[in-house]
Amino acid sequence: MKTAVTRNSARFLRGFWVLIALMVTSCENYLDKAPEADISEKDVFGNFISFQGFVEELYNCIMDPNKGGAWNQYLFADETLNNSPYAFDNGNYWGNHGYFYGQSVNTRDNNSRTKRIWEYAWYGIRKANLALAKLDEEGLFQGSQEERDHLRGQALFFRGWFYFELARYWGGMPYVTRALGASEELTTDEFRRLNFQECALLMAADFREAANILPIHWDQSGPGQRTLGHNRDRINKFHALGYLGKALLYAASPMINEEATGTDSFNPELAKQAAEAFGELLQLADETGTYKMQSWDSWTDNFWRWNNERPGGDECIMVPTIYDRGRVRWSTLGATVPSSLGLNSGSSADVPTHNNTENYAMANGLPIDDPASGYDPNDPWTGREPRFYKDILKDGDQIINESGPDRFAELYNGGRHRSQISPPSVTGYYAKRYSPMGSELTISRAGGLQAYVPYLRLADIYLMYAEAVLFSPGGTPKASANNYAMTAEAAINVVRNRAQIPNIADKYTATNEAFFEEIVRERAVELNFEGARFCDLRRWNRNDDPRYLDKTAIDFARGSDGKPINIRERVVVRRTAEKKHNWLPIQVRFTTQYEGFPQNPGW
């Protein structure tokens, strides 16, 4: 039986779902009414061009993981350390608010530093619902079926995507599928918080419908001809299939399946559905070439480019859509290169942990803890796989092509970049994934760097496909999805081979357990510094696993041959992680309004 909420609760819900769309800084120009103007719904929603303008505001609601607040921490697992402690490392998931929430919605400022997940996701959900409602109004939109499909597909995708962004941090939410009126009576049943798995199935329905009607690429569609050559970021079939698979894989994962069913293991049926979604995407990529793996020589195009060219290459499916040249210097470069270069504010430096570097295999493809790998703990940086050298700047490596004391890294204990600049590297490393330190970097050239954290790229799809196939009914490394012939083993080898390392060794495909550990390690390397690790460890129920709690530095002296001596791994921080850290806490003002929207457990 439905129970009407109290008047105060109803007022809260309207504020939560409706007024967030009204109390914004502004909307698009075409919706700003001057006193003498008389803009009708027909003007806004009656034709494709105007309606698409309404929908495109959703693209400005996409959070840039790296650039909120000019620069922000977005790696919350065991990957990096900073000269200032991370609140999350101490178990304070109330911290790091600058990334998750704390800004009024303004979709016209085109400023990546003002975007936050919480506010912009709810705004985007309401706007997507409004677009869908207007498309369903009889006689309002006058356009072709293809134009209608483009509009509807985008709105469906964004509704599912913004829910995914909310749910992967805070857990399941009430899944609202209509634009609410300001005076309607609300019910607790309709707005009950769902668990993640329930929410993900509704996301999946939106993504599935979007995939059915969106084009392969806008440049190949009728409506896209108006913006031919400028459709790179517009949502297409690949976006929808990628997030269909991702939502289902998350829903299948042990932590989320345990929340829903009490079983701490993968849900085979949901894993199967995820594998089929990824298989459909990969088959489409094979047939069309719309997206493809970057070559090894151009791998860094996924992350950065010179001369103000946009990164992403042929591999990235979804990236942040606000490209703000002025933010790069103070975010990507500013947070990762030595402060003494003058390219940052000198207040912080995010650097890789030593335990992070241990995920990188040897050049023969074997993990360093394999006795046959040839790894020498007294010479830890020799003979490593190629991604190690592209990602990690170590002692003695060139930092910049300029004369002076910062030309080469001094990261040994007592060295310039370890203790003589402020802030120093607290671990003995710097990260290069978004900061092309080396012979190509100069002070003048740095001004033309563009670097962004991708949301979804093809390498991630291959790895998620391998994982989903493995945990499908009857899954093994030799198995494949029902709709795609590639085996899980072959999928992980696509990623490895691109990185110039051999196929996975037979010993790691002999059992599902051994193969999954290689998936875990491969994701840690290929997706390093991309924000995947925090969500991966949590969904696998490994956030509190002792293997991933210690964040370490490497202490050493520099020998006469330039190699490290007297090496010691030192624990800098042991992360605090308990069951309650599966989800972030929700702001209290949202959890005390009505009983259907409770706080997350433990908070």
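Details of the structure are given in the entry above.
Here's a quick rundown of the structure. (Residues numbered from 1 in each chain as written. Predicted model: local features only at pLDDT ≥ 70, side-chain atom pairs only at ≥ 80, totals over all residues. Heavy atoms only, no water.)

What about the overall build of the protein chain?
Secondary structure summary: the protein chain contains 20 helices and twelve strands in total. Going through the 603 residues of the protein chain one by one, you find that 62% of them count as buried. Counting contacts in the protein chain only where the partners sit at least 6 residues apart, residues at least 24 apart contribute 71% of the total. (Helix = DSSP H or I, 4+ residues; strand = E, 2+ residues; numbered from the N terminus. Buried < 20%, exposed > 50% of the residue type's maximum accessible area, 1.4 Å probe, protein only. Contact = heavy atoms within 4.5 Å.)

What about the pairing of strand β12 (residues 564-574)?
Bridge count between strand β11 (residues 550-558) and β12: eight bridges; the pairing is antiparallel. Of the residues in β12, the one forming a bridge with Ala557 is Ile565. Linking two consecutive strands that pair antiparallel, namely β11 and β12, is a turn of five residues; a positive phi of about 85° is found at Gly562 within it. (Pairing = 2+ DSSP bridges.)

Observations regarding unusual backbone geometry
Between Ser422 and Pro423 the backbone carries a cis peptide bond, its omega angle lying at 0°. For Pro423, the location among the structural elements is in the loop between α14 (416-420) and β6 (430-431). Of note, the phi angle at Asn307 is positive, near 55°, even though the residue is not glycine. Taking relative accessible area as the criterion, Asn307 reaches 56% and is therefore assigned exposed. One non-glycine residue, Gln500, adopts positive backbone phi at about 70°. By the element assignment, Gln500 lies in the loop between α17 (488-498) and α18 (512-526).

Let's talk about the packing of aromatic side chains
A full pass over the atoms with the stated rule returns 49 aromatic pairs. Measuring from ring centre to ring centre gives 5.6 Å for Phe164 and Tyr243, while their planes differ by 70°; the resulting arrangement is edge-to-face. Of this pair, Phe164 sits in helix α6 (residues 145-170) while Tyr243 sits in helix α8 (residues 237-252), placing them 79 residues apart in sequence. Neither Phe164 nor Tyr243 differs from the other in exposure class; each is buried. A ring pair is formed by Trp381 and Phe556, whose centres lie 5.4 Å apart and whose planes are at 80°; its orientation type is edge-to-face. Taken together, the positions of Trp381 in the loop between α12 (354-357) and α13 (386-391) and Phe556 in strand β11 put the pair 175 residues apart, joining distant regions of the chain. A relative accessible area of 8% means that Trp381 is categorised as buried. Overall, the relative accessible area of 4% leaves Phe556 in the buried class. The side chain of Arg193 reaches across the aromatic face of Phe597, ending 5.6 Å from its centre. (Phe/Tyr/Trp six-rings, centres within 6.5 Å; stacked < 30°, edge-to-face > 60°. Lys NZ or Arg CZ within 6 Å of the ring centre and 35° of its normal.)

A word on the packing of α6 against α8
When two helices pack together, their arrangement is captured by the angle between the axes and the distance separating the axes. Running from N to C, α6 and α8 cross one another at 35°; their axes reach a closest spacing of 11 Å. When the axes of α6 and α8 are compared, the crossing they make is left-handed. Packed against α6, whose contacting residues are Phe157, Trp161, Phe164 and Arg168, the element α8 presents His239, Ala240, Tyr243, Lys246, Ala247 and Tyr250 at the interface. Counted by class, the contact of α6 with α8 contains seven nonpolar, one polar and two charged residues. (Axes fitted to C-alpha atoms, helices over the stretch in contact; angles between N-to-C directions. Left-handed = near helix turned anticlockwise from the far one by under 90°. Nonpolar A, V, L, I, M, F, W, Y, C, P; charged D, E, K, R; others polar.)

A word on the environment of Asn401
As for its placement among the helices and strands, Asn401 is situated in the loop between β5 (392-393) and α14. Its relative accessible area of 35% is what places Asn401 among the partly exposed residues. Sequence separation between Asn401 and Ser439 is 38 residues, and the spatial gap between their C-alpha atoms is 5.0 Å. Residues within four places of Asn401 in sequence aside, it is in contact with Arg407, Gly438, Ser439, Leu441 and Thr442. A polar side-chain atom of Asn401 sits 3.3 Å from a polar atom in the side chain of Arg407. A distance of 3.3 Å separates a polar atom in the side chain of Asn401 from the backbone oxygen of Ser439. (Polar contact = N/O pair within 3.5 Å; in protein donor to acceptor, adjacent residues only side chain to side chain.)

Observations regarding the pattern of salt bridges
The final tally for this structure, using the stated rule, is 51 salt bridges. Here Arg558 ties to Asp395 by a salt bridge, and the two come within 2.8 Å at their closest N and O atoms. Here the residue Arg558 occupies a position in strand β11, and Asp395 occupies one in the loop between β5 and α14, the gap between them amounting to 163 residues. As a salt-bridge pair, Glu518 and Arg521 come within 2.9 Å of each other at their nearest N and O atoms. Here Arg521 and Glu518 lie together in helix α18, a separation of three residues that amounts to about one turn. Taking the relative accessible area as the measure of exposure, Glu518 reaches 4% and is therefore buried. Members of the salt-bridge network, linked through shared partners, are Glu315, Glu385, Arg387, Asp391, Arg433, Arg457, Arg498, Glu522, Glu526 and Glu530. (Salt bridge = Lys/Arg side-chain N within 4 Å of Asp/Glu carboxyl O.)

Looking at helix α9 (residues 254-261)
For an α-helix the count is 3.6 residues per turn, leaving residues at separations of three or four pointing the same way. Burial in α9 covers these residues: Pro254, Met255, Ile256 and Asn257. In the core, the buried residues of α9 are packed alongside α7 (196-213), α8 and α19 (532-539). Directly beyond the C-terminal end of α9, a positive phi value near 85° is found at Gly262.

These values are about where atoms sit, not about what they do.
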